[in-house]
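# Coordinates in review
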Amino acid sequence: MTPARLAEIIAAFGAETARWPAAERAAALALAARSPEAAALLAEAAAVDAALGLTRPRPEAERLAALRRRIAGEIARRPLPAARRLGLLERVAWLEPFAPAGVGALAVLVAGFAWLFWNDMDQELVMLGPQALSLMGSLL
Amino acid sequence: MEALALPATRRLAMRPPPRAALDRDRPAAPDAQLMAWAAQGDRPAFDALVGRHLPRVLAITRRIMGAAAPAEDAAQETFLRAWQQAARFDPARGELSAWLARIATNIAIDALRSQRAGEPVEAAEAFPSPAPDPETGLVLAERQAGVAAAFAALPARQKAALALVYDQGLPGEDAAEALDITPRALEGLLYRARRLLAARLRGDKP
């Protein structure tokens, strides 16, 4: 925490330390406690905080009640909420309990294909061996 | 016969709720549960949510818009949109209050921006505040009027940033998300707004 950063925090979030960014609050408080410049900044920020508090909207109870009734009347005329469209993963979520069996089946399938592939390769090499020898003999 | 003449959506709306819905303890239910019920079409559950969150939502729209009537329209629009999109609310992604604050902020900023240039804007209305004696009350009223005028002159996004962080006490990250900006950009908005208000408090001319 530098004095410049502390000044930025006070200038943006004011003197009420609960509003300061949580990740920097402890370091900022420690620096503010031993900085005379910070004390002046905090005093000016507190005046702005107080002014903001003076003009804070405090809706009257009657207006709130009337608006709540108005909203309820409008909601009563509106259709029901739109259903959420499911993504692909959510649509196949019901298959989740079968996932271990599916993974096992996939592993067996891959192993089977691998065995067939390598088996074919070996047989081709066995078949090609004598043919290559006879070809070499004819050339000689 | 009369009911059959109505559109299907209205007939569904008039359908009596199932027995399970009648047994719901809505006043005690948490926000997420009420929203889940609302997503199923439970209007009383949604009304309970309106009762809980309307003061905060109206405070946000009124702080941004100033005048009472448009702010109430914006607050109503916030809840109508929340009703329509109730199924989209995901409690795992954040609190309902933050979700509503985001909707309210966007609606209020859009409404403020859509006011045509040159159209007379209704002045910000003063909020009642207790005054201990006439002299102090006069000083307070003058200061309040000065700050209110300075606040009214702020750009919509700066007003929204102040409303979310100062009035609603949202953490910087949540306020930034509601405004769809980075936390650093939020600090910039707050800094500029507070600098202007501080200048007005010192008596500097606008």
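This text gives an overview of the structure that appears in the document. (Residues numbered from 1 in each chain as written. Chains lettered and ligands numbered in written order. Predicted model: local features only at pLDDT ≥ 70, side-chain atom pairs only at ≥ 80, totals over all residues. Heavy atoms only, no water.)

### Some details on the overall build of chain A
What counts is decided by this rule: Note on conventions: DSSP H or I runs of at least 4 residues are helices, E runs of at least 2 residues are strands, and numbering of each starts at the N terminus. Here, residues are in contact when the closest pair of their heavy atoms is within 4.5 Å. Working definition of accessibility: Shrake-Rupley area with a 1.4 Å probe, residue cover restricted to the visible protein chains.
Looking only at helices and strands, chain A has 6 helices and 0 strands in total. Along chain A, from the amino end to the carboxyl end, the secondary structure elements read α-α-α-α-α-α. In chain A, the proportion of contacts linking residues at least 24 apart, taken out of those at least 6 apart, comes to 48%. For chain A, the accessible area works out to roughly 9,800 Å², and carbon and sulfur atoms hold 69% of it.

### Considerations on the overall build of chain B
The condition is simple: Exposure is judged per residue with a 1.4 Å probe applied to protein chains only, and the accessible area is read against the type maximum: over 50% gives exposed, under 20% gives buried, and values in between give partly exposed.
When its secondary structure is counted, chain B shows 10 helices and 0 strands. Listing the helices and strands of chain B from first to last along the sequence gives α-α-α-α-α-α-α-α-α-α. Within chain B, the fraction of its 206 residues that count as buried is 44%. Counting only contacts in chain B whose residues sit at least 6 apart along the sequence, the fraction spanning at least 24 positions is 61%. As displayed, chain B has an accessible area near 10,900 Å², and 55% of this comes from carbon and sulfur atoms.

### What about the pattern of salt bridges?
Counted only if it meets this: We define a salt bridge as a contact between a side-chain nitrogen of Lys or Arg and a carboxyl oxygen of Asp or Glu at a distance within 4 Å.
Across all of its chains, the model carries 20 salt bridges over all chains by this definition. Between E24 of chain A and R5 of chain A there is a salt bridge; the shortest N-O distance is 2.8 Å. With E24 of chain A in helix α2 (residues 22-33) and R5 of chain A in helix α1 (residues 3-13), this pair connects stretches of sequence that are 19 residues apart. Judged by its relative accessible area of 14%, R5 of chain A is buried. Ionic contacts of the salt-bridge type, sharing partners, join the residues R5, E8 and E24 of chain A together with R184 and E187 of chain B into one network.

### Overview of the nonpolar core
Quick note on the threshold: We define the nonpolar core as a collection of buried residues of types Ala, Val, Leu, Ile, Met, Phe, Trp, Tyr and Cys that are connected through side-chain atoms lying within 4.5 Å of one another.
Among the nonpolar cores identified, the biggest contains 75 residues, and F46, L162 and L190 of chain B are the most heavily contacted of them. Take this core: its biggest share by element is 11 residues, from helix α4 (residues 43-65) of chain B. Sequence-distant contacts of L190 of chain B, defined by excluding residues within four places in its chain, comprise A11, A12 and F13 of chain A together with A161, L162, V165 and Y166 of chain B.

### Section: the side chain of R194 of chain B
Secondary-structure assignment places R194 of chain B in helix α10 (residues 183-201). Residues contacting R194 of chain B, with those up to four places away along its chain left out, are I10, A11, A12, F13, G14, A45, V48, D49 and L52 of chain A together with L162 and Y166 of chain B.

### Quick word on α4 of chain B
Residues and elements named next belong to chain B. This is how the line gets drawn: Working rule for helices: expected span equals 1.5 Å times residues minus one. Fitting axes to the seven residues that end at a residue and to the seven that start at it, the angle between those axes gives the bend at that residue. Any pair of N or O atoms that falls within 3.5 Å is considered a polar contact. Within protein, one atom must be able to donate a hydrogen and the other to accept it, and sequence-neighbouring residues count only if both atoms are side-chain atoms.
For α4, which comprises 23 residues, the first-to-last C-alpha distance of 28 Å sits more than 12% below the rise-based estimate of 33 Å (1.5 Å per residue). Where α4 bends most, at H53, the angle is about 55°, and the proline P55 comes one to four residues later. With 17 of 23 residues buried, α4 is to be regarded as a mostly interior element. Where α4 begins, the capping side chain belongs to D42, and its oxygen is found 3.0 Å from the backbone nitrogen of A45. Backbone geometry just downstream of α4 places G66 in the positive-phi region, at approximately 85°.

### Some details on the interface of chain A and chain B
Just so we agree on the cut-off: Accessible-area loss on putting two parts together, using a 1.4 Å probe and summing over both, is the definition of buried area adopted here.
Between chain A and chain B, the residue contacts involve 41 residues of the former and 51 residues of the latter. Between chain A and chain B, the buried area comes to about 4,400 Å², and carbon and sulfur atoms account for 62% of it. Note that E60 of chain A and R62 of chain B form a salt bridge whose closest N and O atoms lie 4.0 Å from each other. When contributions to the side of chain A that touches chain B are tallied by element, the ones reaching two or more residues are α1, α3 (36-54) and α4 (61-77) of chain A.

### So, empty space enclosed by the protein
All names here are of chain B. The condition that has to hold: Only protein atoms enter the 1 Å grid used here. Points where a 1.4 Å probe fits but cannot escape make up a cavity, open sets with protein on both sides within 12 Å along at least five of seven lines make up a pocket, and a residue lines them when an atom lies within 4 Å of a point. Grid points are joined across faces, edges and corners, and a volume is the space filled by probe spheres set on the points. Classes in brief: Ala, Val, Leu, Ile, Met, Phe, Trp, Tyr, Cys and Pro nonpolar; Asp, Glu, Lys and Arg charged; the others, Gly included, polar.
Per the stated rule, a full pass over the model turns up 1 cavity of 30 Å³ or more. What lines the largest cavity is simply H53, R56, V57, I60, S97, L100 and A101. Those elements giving two or more residues to the lining of the largest cavity turn out to be α4 and α6 (96-114). Of all the elements, α4 adds the most residues to the lining of the largest cavity, at 4 residues. Across the lining of the largest cavity, the residue classes break down as 4 nonpolar, 2 polar and 1 charged.

### With respect to α1 of chain A
Of all the residues in α1 of chain A, the buried ones are R5, L6, I9, I10, A12 and F13 of chain A. Those residues of α1 of chain A that are buried are in contact with α2 and α3 of chain A together with α8 (156-167) and α10 of chain B. G14 of chain A, located one to two residues past α1 of chain A, shows a positive phi value of around 85°.

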